[in-house]
Amino acid sequence: MIGLISATAAGAAARDRLAAAWPDRTRVYEGPVGDAVRTAFAQCEQLVCFLATGAVVRLVAPLLDDKARDPGVVCVDEGGRFAVSLVGGHGGGANDLAREVAEALGAEPVVTTATDAAGLPGLDTLGLPVEGDVAAVSRALLDGEAVALRTDVPWPLPPLPVADEGAYRIRLTDRLVEAGRREAILRPPTLVVGVGASKGAPVGEVLALVEGALRDAGLSAASLAELATVDAKSEEPGIVEAARRLDVPLVTYAAEELARVEVPNPSDAPLAAVGTPSVAEAAALRRGGELLVPKRKSAASPAMATCAVVRRPGRGRLAVVGLGPGARDLLTPRAKAELRGASVLVGLDQYVDQIRDLLRPGTRILESGLGAEEERARTAVEEARRGQAVALIGSGDAGVYAMASPALAEASDDIDVVGVPGVTAALAAGAILGAPLGHDHVSISLSDLHTPWEVIERRVRAAAEADLVVTFYNPRSRGRDWQLPKALAILAEHREPTTPVGVVRNASRADESSRLTTLAALDPATVDMMTVVTVGNTATREIAGRMVTPRGYRWQEEPR
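Residues numbered from 1 in each chain as written. Predicted model: local features only at pLDDT ≥ 70, side-chain atom pairs only at ≥ 80, totals over all residues. Heavy atoms only, no water.

Examining the overall build of the protein
Formally: Each helix is a run of DSSP H or I of at least 4 residues and each strand a run of E of at least 2, with the numbering of both proceeding from the N terminus. Burial classes: relative accessible area under 20% of the type maximum marks a residue as buried, over 50% as exposed, and values in between as partly exposed (1.4 Å probe, protein chains only). Contacts were defined at the residue level, with two residues in contact if any of their heavy atoms lie within 4.5 Å. Only the protein chains shown count as cover for residues, and the accessible areas themselves come from Shrake-Rupley with a 1.4 Å probe. For the purpose of charge, His is not counted, nor are the chain termini; Lys and Arg are scored as positive and Asp and Glu as negative. Charged side chains are reduced to one point each, which is NZ for Lys, CZ for Arg, CG for Asp and CD for Glu.
Summing up its helical and strand segments, the protein has 18 helices and 28 strands in all. Taking the principal axes of the C-alpha coordinates as reference, the protein spans close to 90 × 65 × 60 Å. The buried share of the protein, taken over its 560 residues, is 46%. The long-range share in the protein, meaning contacts at least 24 apart out of those at least 6 apart in sequence, stands at 64%. Carbon and sulfur atoms provide 50% of the accessible area of the protein, an area that totals close to 26,600 Å². Distance from the positive charge centre (60 side chains) to the negative charge centre (73 side chains) of the protein: 1 Å.

Here it is as structure tokens:
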């Protein structure tokens, strides 16, 4: 919950705007400001104070205890111009909250945390438990000193300016080791513990078994991702409470699923009890991995619990990112976040140049020229399979005549894939022309490099006969100068010569140009590969210099 506190009418007005925008996330604290701050500080995960920063400093200073536990505090000035991350920038989430508040109120976020200011990801913002000399290693990264990265287990990380050797070190491990001098340890959630238990097994026995198994194997409980068991034990109190105390989810599987998992130590007892010859080992191995600790029993007599420990390899992550038509303000916030979170960027060289300034220091860039789409897709998937966080970029929407198709054709289920939508060229051109896509429409690429012309022609003819608005991508190049005239001729068999046609070149870019013409008047020689051509249907009209395809609302046809 986010506590909201104000002292003046102007502050209350901004406070109420935020409360209205986030009704389920916020709570307004009324009364004397000092009392309100103290109460909210004790009850909320975060605070937004519509007060001067000096006043908030004096109010929260006596309340501060531990930056790992203190709530994040954001100050908003009386005029609602700035949202200042004051306390708990990383641990309390105040930096992200300041950005959210600024967006909601139309203010400017003010974040002074050193790593954020330098464009570096803070080690305590990676979503992984971190321990050791975090401050010293972070300072070394900021100062440009050599920091080595040691990975005992692969895990996708955002870009970090690391070296092969250095006086400082970041270690990515699930091993039970202590951080050395000038070393920070990141704990990825790689470990899964499968648990079986008799009815009524005490939570203490289950906990002691799990913690002992990890400790004896030299594994850190901070890397525990989940407990896993059979469906029949999904409500077994000892297992449920053990998962709660370990602060990990409890994942359950059907007995028939577990019965299909090959294990080294099957048994008749669980087969008779719950329908599978293994619970602990099978549940731990259900989604793959390396068995580090085979089934072991608890120390009690009689033993009422069993467990097994598996290390699942870190899955690489591939984000297929659409950059939009070219204008920076049409690049979505989600796309920016993916670009900044990728340790490896793969893309066409001219697209990389568009967004190079958004990349964090340490991002490895793999760029290539035109015509290497399939090679780029393979490269991106291979990097993800190595456990990297990869962004594969394309113009417009990555799923429309872009990189998503070849990438997903290469990718299997051994990596995580996320698509990041972008504004397509057709949409950008449509917005410039007016509303040509107001009713049913289709996009067709006229490039026959990958699609036989016979197939393209059949699709153009079908669109013409179906009276669809048509947007042509890749309409004409130096080596392909006859396809567009042929496509227009097919449309002309079904549409009047006066049918509106919109021509937009470099939509949304600095040298954008557009014009509205007709099917009969369009000169194909004026079109190139940077152009999008939109041909209206029989209902499309030019209205006040804009291209409009009516939606076809029946009430528009009714007499008034």
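That shown, we press on.
Details of the sheet that holds strand β8 (residues 147–151)
To be explicit about the condition: Only when DSSP finds a minimum of two bridges between them are two strands counted as paired. In this analysis an axis means a line fitted to C-alpha atoms, helices contributing only their contacting stretch, and an angle means the value between N-to-C directions, from 0 to 180 degrees.
The mixed open sheet is built from four strands, whose spatial order is β7-β10-β9-β8. Either end of the sheet is taken by a strand with one partner, and the two such strands are β7 (130–132) and β8. The mean inter-strand angle of the sheet, taken between neighbouring strand axes irrespective of direction, is 20°. Note: strand β9 (residues 168–172) against strand β10 (residues 183–186), four bridges, orientation parallel. Each residue of the ladder has a partner; that of Ile 170, found in β10, is Ala 184. The strands that helix α6 (residues 134–143) touches are β7, β8, β9 and β10; relative to β9, the one it contacts most, it runs at about 115°.

Some details on the state of the cysteines
Cysteine pairs can be covalently joined through their sulfur atoms, and such a bond is termed a disulfide. Formally: Disulfide: a pair of cysteine sulfur atoms within 2.5 Å of each other.
Counted according to the given criterion, the structure contains zero disulfides. Here Cys 44 stays unpaired: no disulfide links it, and the sulfur of Cys 49, its closest cysteine neighbor, is 10 Å away.

What to know about the pairing of strand β12 (residues 224–230)
Stated formally: Think of it like this: strands point away, you trace from the first strand over the helix to the second, and a clockwise trace means the crossover is right-handed.
Across the seven residues that make up β12, a large majority, six, are buried. Relative to β12, strand β11 (residues 191–197) runs parallel, the two sharing four bridges. Note on β12: the bridge partner recorded for Val 192 is Glu 226. Sheet topology note: the β12/strand β13 (residues 250–253) ladder contains four bridges and is parallel. Looking at β13, one finds that Ala 228 is bridged to Val 251. With respect to chirality, the unit in which β12 leads through helix α8 (residues 237–246) into the neighbouring parallel β13 is right-handed.

Quick notes on the nonpolar core
As a reminder, the rule being used: Among buried residues, the Ala, Val, Leu, Ile, Met, Phe, Trp, Tyr and Cys ones that are joined through side-chain atoms within 4.5 Å form a nonpolar core.
Judged by nonpolar contacts, the single largest core of 24 residues is most densely connected at Val 193, Val 210 and Leu 227. The biggest single contributor to this core is helix α7 (residues 203–216), with seven residues. Listed in part, the 21 residues of the second largest apolar core include Ile 444, Val 460, Ala 463 and Leu 519.

A closer look at the pairing of strand β18 (residues 364–368)
Two faces, one strand: in a regular strand the side chains alternate between the faces of the sheet. Direction of pairing for strand β17 (residues 344–348) relative to β18: parallel, over a ladder of five bridges. Of the residues in β18, the one forming a bridge with Gly 347 is Glu 367. Considered for its hand, the β-α-β crossover made up of β17, helix α13 (residues 349–355) and β18 is right-handed.

Overview of the sheet that holds strand β16 (residues 317–322)
Read across the sheet, five strands follow the order β18-β17-β19-β16-β20 without closing on themselves; strand pairing throughout is parallel. Edge positions in the sheet fall to β18 and β20 (416–420), since each of these pairs with one other strand and no more. Going from strand to strand, the sheet's axes swing by 15° on average, the running direction of each strand aside. Sheet analysis places β17 next to strand β19 (residues 389–394), joined by three bridges and oriented parallel. Bridge pairing in β19 places Leu 345 opposite Ala 391. Its contacts with the sheet place helix α12 (residues 333–341) against β16, β17, β19 and β20, and it is angled at close to 140° to β16.

Regarding the pattern of salt bridges
To keep things clear, this is the line we draw: In the sections that follow, a salt bridge refers to a side-chain nitrogen of Lys or Arg positioned within 4 Å of a carboxyl oxygen of Asp or Glu.
Summed over the entire model, instances satisfying the criterion amount to 33 salt bridges. The shortest N-O distance in the salt bridge between Glu 30 and Arg 15 comes to 3.7 Å. Residue Glu 30 is found in the loop between β2 (26–28) and α2 (33–43), and its partner Arg 15 is found in helix α1 (residues 9–21); the two are separated by 15 residues along the sequence. Its relative accessible area of 59% is what places Glu 30 among the exposed residues. A salt bridge links Arg 461 to Glu 457, with the shortest nitrogen-to-oxygen separation between them at 3.2 Å. Note that Arg 461 and Glu 457 are positioned in helix α17 (residues 453–465) at a spacing of four residues, about one turn of the helix. A residue is classified by how much of its surface remains accessible, and Arg 461, at 26% relative accessible area, is partly exposed.

Notes on the side chain of Thr 276
Formally: Under the rule applied, a polar contact is a pair of N or O atoms within 3.5 Å (in protein, one hydrogen donor and one hydrogen acceptor; residues adjacent in sequence only if both atoms are side-chain atoms).
On the secondary structure map, Thr 276 appears in the loop between α10 (268–274) and α11 (280–285). Here Ala 259 takes part through its backbone nitrogen, which lies 3.4 Å from a polar atom of the side chain of Thr 276. Here Thr 276 is in contact with Ala 255, Leu 258, Ala 259, Pro 270 and Leu 271, once residues within four sequence places are set aside.

Brief notes about unusual backbone geometry
Between Ser 301 and Pro 302 the backbone carries a cis peptide bond, its omega angle lying at 0°. Of note, Pro 302 is situated in the loop between β14 (290–297) and β15 (305–311). At Asn 474, a residue that is not glycine, the phi angle is positive and equals roughly 45°. With respect to the element layout, Asn 474 can be found in the loop between β23 (469–473) and α18 (483–492).

Section: the packing of aromatic side chains
So the rule is basically this: Side-chain rings of Phe, Tyr and Trp, where Trp is taken by its six-membered ring, are said to pair if the distance between their centres is within 6.5 Å; with planes under 30 degrees apart they count as stacked, over 60 as edge-to-face, and otherwise as tilted.
If you walk through the whole model with that rule in mind, you get two aromatic pairs. Between Tyr 401 and Tyr 473, the aromatic rings sit 4.7 Å apart at their centres with planes inclined by 50°, giving tilted as the arrangement. Of this pair, Tyr 401 sits in the loop between β19 and α15 (404–410) while Tyr 473 sits in strand β23, and the two are 72 residues apart along the sequence. Accessibility expressed as a relative area gives 45% for Tyr 401, which makes it partly exposed.

A word on the environment of Ala 280
Assignment of secondary structure puts Ala 280 in helix α11. With 27 residues separating them along the chain, Ala 280 and Cys 307 place their C-alpha atoms 5.0 Å apart. Contact partners of Ala 280, with chain neighbours within four places excluded, come to Gly 194, Val 195, Gly 196, Thr 306, Cys 307 and Ala 308.

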